[in-house]
Amino acid sequence: MYDRRDFFKTTTAAAASIVVAGSALPALAGSTAMYTNIVYTKDNPGKWASKVGSHAPQVTVKGTTVRVATDHSMSNAHFIVRHTLILEDGTYQGAKTFTPADKPESRYELPEGYKGKIFVTSFCNKHDFWLTEINV
């Protein structure tokens with residue numbers, strides 16, 4: 001039986017596979033319903049349209065440093081569980097798991113000279129799995 005940590009690792013790996021495969025398709029851009037109710041984005045929030053501002057990860061890149069923030073309140077009943085960063089080729093770059101006492105902010109380092117897409121996820125225990133995709 002999986003524990004919670006294994007569940008999140010498996011979920012993140014599966015989502016990264018969907019994202020990387022999806023980048024070759026127009027799926028995550030909202031042109032197909034293939035990922036509806038699995039991965040939410042600012043442009044495709046599905047049933048959570050009113051939650052975009054507090055759930056879609058906000059990403060800033062300065063040099064090789066990626067900063068991620070989710071503007072979300074944190075309580076025992078409702079909180080951001082995890083951020084994850086995946087490179088365009090599917091390489092897992094890092095993740096940070098949060099408790100309700102934490103502020104949902106994380107920081108990662110890109111490989112020197114990295115150019116391409118990065119996929120950043122934010123998982124809310126009530127409002128599902130959110131993705132922000134940017135080009136670096």
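Topic: unusual backbone geometry
In this structure, D128 is a non-glycine residue whose phi angle is positive, near 75°. Along the chain, D128 turns up in strand β8 (residues 128-135).

Quick look at the sheet that holds strand β5 (residues 92-97)
Spatial ordering of the open sheet is given by β1-β8-β7-β4-β5, a layout of five strands whose pairing is mixed. If you trace the sheet from one side to the other, it starts and ends with β1 (40-41) and β5, each paired once. Pairing of β1 with β8 involves two bridges; the strand directions are parallel. Note that in β8 the partner of Y40 across the bridge is W130.

What about the nonpolar core?
Core analysis: the largest hydrophobic core is formed by twelve residues, namely V39, M74, F79, I80, V81, I86, F98, F119, F123, C124, F129 and L131. Those elements that place two or more of their residues in this core are β4 (80-87), β7 (117-124) and β8. Apart from residues no more than four positions distant in its own chain, M74 is found in contact with F79, I80, F98, T99, P100, D102 and P104. Residues V59, V68, L85 and L87 belong to the second largest nonpolar core, which totals ten residues.

Details of the packing of aromatic side chains
Within the structure shown, the criterion is met by two aromatic pairs. Judged by centre distance (5.6 Å) and plane angle (40°), the ring pair of Y40 and W130 falls under tilted. Of this pair, Y40 sits in strand β1 while W130 sits in strand β8, and the two are 90 residues apart along the sequence. On the basis of relative accessibility, which here comes to 1%, the residue Y40 falls in the buried class. Both rings, one in F123 and one in F129, keep their centres 6.4 Å apart while their planes meet at 50°; by these two values the pair is tilted. As far as the burial class goes, F123 and F129 line up, both buried.

Brief notes about the side chain of H127
Within the secondary structure, H127 sits in the loop between β7 and β8. Aside from chain neighbours lying at most four places away, what touches H127 is Y40, W48, K51, H55 and H78.

Reading the values: rules and limits
- Residues numbered from 1 in each chain as written.
- Predicted model: local features only at pLDDT ≥ 70, side-chain atom pairs only at ≥ 80, totals over all residues.
- Heavy atoms only, no water.
- Helix = DSSP H or I, 4+ residues; strand = E, 2+ residues; numbered from the N terminus.
- Pairing = 2+ DSSP bridges.
- Core = buried A, V, L, I, M, F, W, Y, C linked by side-chain atoms within 4.5 Å.
- Buried < 20%, exposed > 50% of the residue type's maximum accessible area, 1.4 Å probe, protein only.
- Contact = heavy atoms within 4.5 Å.
- Phe/Tyr/Trp six-rings, centres within 6.5 Å; stacked < 30°, edge-to-face > 60°.

Keep in mind that these numbers describe shape and distance, not what the molecule does.
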